[in-house]
Amino acid sequence: YTILSKVHSDRNVYPSAGVLFVHVLEREYFKGEFPPYPKPGEISNDPITFNTNLMGYPDRPGWLRYIQRTPYSDGVLYGSPTVENVGKPTIIEITAYNRRTFETARHNLIINIMSAEDFPLPYQAEFFIRNMNVEEMLASEVLGDFLGAVKNVWQPERLNAINITSALDRGGRVPLPINDMKEGVYVMVGADVPFSSCLREVENPQNQLRCSQEMEPVITCDKKFRTQFHIDWCKISLVDNTKQVSTFQEVIRGEGILPDGGEYKPPSDTLKSRDYYSDFLVTLAVPSAIALVLFLILAYIMCCRREGVEKRNMQTPDIQLVHHSAIQKSTKELRDMSKNREIAWPLSTLPVFHPVTGEIVPPLHADSYDNTSMPLMQTQQNLPHQTQIPQQQSAGQY
C-alpha cells in the first residue's frame, strides 16, 4: 500500500511514482545525539523540532509535505512523487533542533523515485474523512484499515494510496478545540477495475439532491466505514482516466499569435544626448506666458476701467440724491445736538401737579444744577407732600 521508513543517517529510500510515500522522523532517534546524555534510569523528554528542505534550497519539493503537531511528537514527511522526478535523486536535509539545549543535528535523506509499472491507475477515487487528522491517517495501521475497507467495497486486483491531503490545505478552517473535533483529511486511492455499484450511488440524482440540501445521502456500503471512518459522501470524487479526452490541440498561427521576431536584441549601452529645450518651453514657458496675459487683462479691467463718482451721480435720479442729502443733514444735526448738553429739559422732567393738593411742584434742582446726571423720571420718594398709603395689616393684629 505505502512505503514506510524510519529515520537514519544518510538513508536511501526508493518510493514509486504515483504511490503515497511516508517517512517518519522519530524523536527517540535524536535524543541520544543531544548532550548532556541522560543518566541510566533517567527519562529525557526534551522538546525537539525538525526542519526539512531540499539540499541547496530553502524549501521542500512541491510534492513533499511535512507535519509535526507539537515538539513532543514525531515529524512526518509524506507526499506522492511525480513522474517528472523519476531517476533523479532528491536529497532532503533534515535538521533537528533541541529546544532545551539549542543543539542541532543534521541528517540527509536521499529519495530515489522509481517508475511504477502500471502508473497511473486508471480509476481514482478521493474520499473525505471528517473524523481524522492527517498525522492520524498517515499511521500505517490506520491507513491499512482504511484501504482494507475500500478493498472490500471496491474489490480491485490492485489498490494503491495515491495521496493524502489535509483539509486545511484545501481551504478548510481550523476546527474549534471542543468535542475533540478534527480538521478532516482527503485520501485518494487508485485501482485497476471500474468503480463498484456502491461508489456509483453517490451519482444517483436522489443523492445529489440530498447533498444540495445539505443532507446525508443514502449509501448502502457506508456501514463498512462508519465503525472507524466517517466519510462525507457528498465530497467524494470519482475520476475515470480511461474516458478522459486529450484537450491538446495543435497551435495554428493566426492573428492572435505574434510572429517569430528572432533573437532578442537589447538596446545599445551608449545613449544619445537629447535636447530638452523644447520640452521646457512646452511644459513651463507656454503656461507661464498664458498666465501673464490673463493677469494683465484682469488688471486693466479692475484698475483702468473704473467709472468714477461723477458718472455715478449723473446716472442717479435727483430725488434719490435729495433724499440722501437730507439723511446726511439730519444725521449731522443729531450728532451736533448730542454734543451740546445745555438744552431745554424734556417735557417729562417739567414740574407736575401734586396728585392730592393740585399744587404745582417745582423741580428739585436749581438752574445751575448739572442736568447731565438728572434722571428723566422722578420717583415718588423724591416728591414732597407725598401721601402715605396705609399698609394692610394681618388679621391677628386687629
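Residues numbered from 1 in each chain as written. Predicted model: local features only at pLDDT ≥ 70, side-chain atom pairs only at ≥ 80, totals over all residues. Heavy atoms only, no water.

1. Notes on the side chain of threonine 165
Here comes step 1: Positionally, threonine 165 belongs in strand E10 (residues 159-166).
Here comes step 2: Take threonine 165: its relative accessible area is 6%, and that puts it in the buried class.
Here comes step 3: Each residue touching threonine 165, except ones within four places of it in the same chain, is listed here: Arg65, Arg170, Val185 and Tyr186. (Helix = DSSP H or I, 4+ residues; strand = E, 2+ residues; numbered from the N terminus. Buried < 20%, exposed > 50% of the residue type's maximum accessible area, 1.4 Å probe, protein only. Contact = heavy atoms within 4.5 Å.)

2. Some thoughts on the state of the cysteines
By definition, a disulfide links the sulfur atoms of two cysteines through a covalent bond.
Here comes step 1: By the definition in use, this model includes 2 disulfides.
Here comes step 2: In this model, cysteine 211 is linked to cysteine 234 through a disulfide, with the two sulfur atoms separated by 2.2 Å. Taking the torsion about the sulfur-sulfur bond, which here is approximately -85°, the covalent link between cysteine 211 and cysteine 234 counts as left-handed. In this pair, cysteine 211 is assigned in helix H5 (residues 205-212) and cysteine 234 in the loop between helix H6 (223-226) and strand E12 (237-240), connecting sequence segments 23 residues apart.
Here comes step 3: When the bonded cysteines of the chain are counted from the start of the sequence, the pairing works out to 1-3, 2-4. (Disulfide = S-S within 2.5 Å.)

3. Observations concerning the packing of aromatic side chains
Here comes step 1: Applying the stated rule across the entire model yields 10 aromatic pairs.
Here comes step 2: With a centroid separation of 5.3 Å and 75° between ring planes, the pair formed by phenylalanine 146 and phenylalanine 229 is classed as edge-to-face. Here phenylalanine 229 lies in the loop between H6 and E12 and phenylalanine 146 lies in helix H3 (residues 140-154), a separation of 83 residues in the sequence.
Here comes step 3: Overall, phenylalanine 146 belongs to the buried group, its relative accessible area being 0%. (Phe/Tyr/Trp six-rings, centres within 6.5 Å; stacked < 30°, edge-to-face > 60°.)

All quantities given are derived from atomic positions and should not be read as evidence of function.
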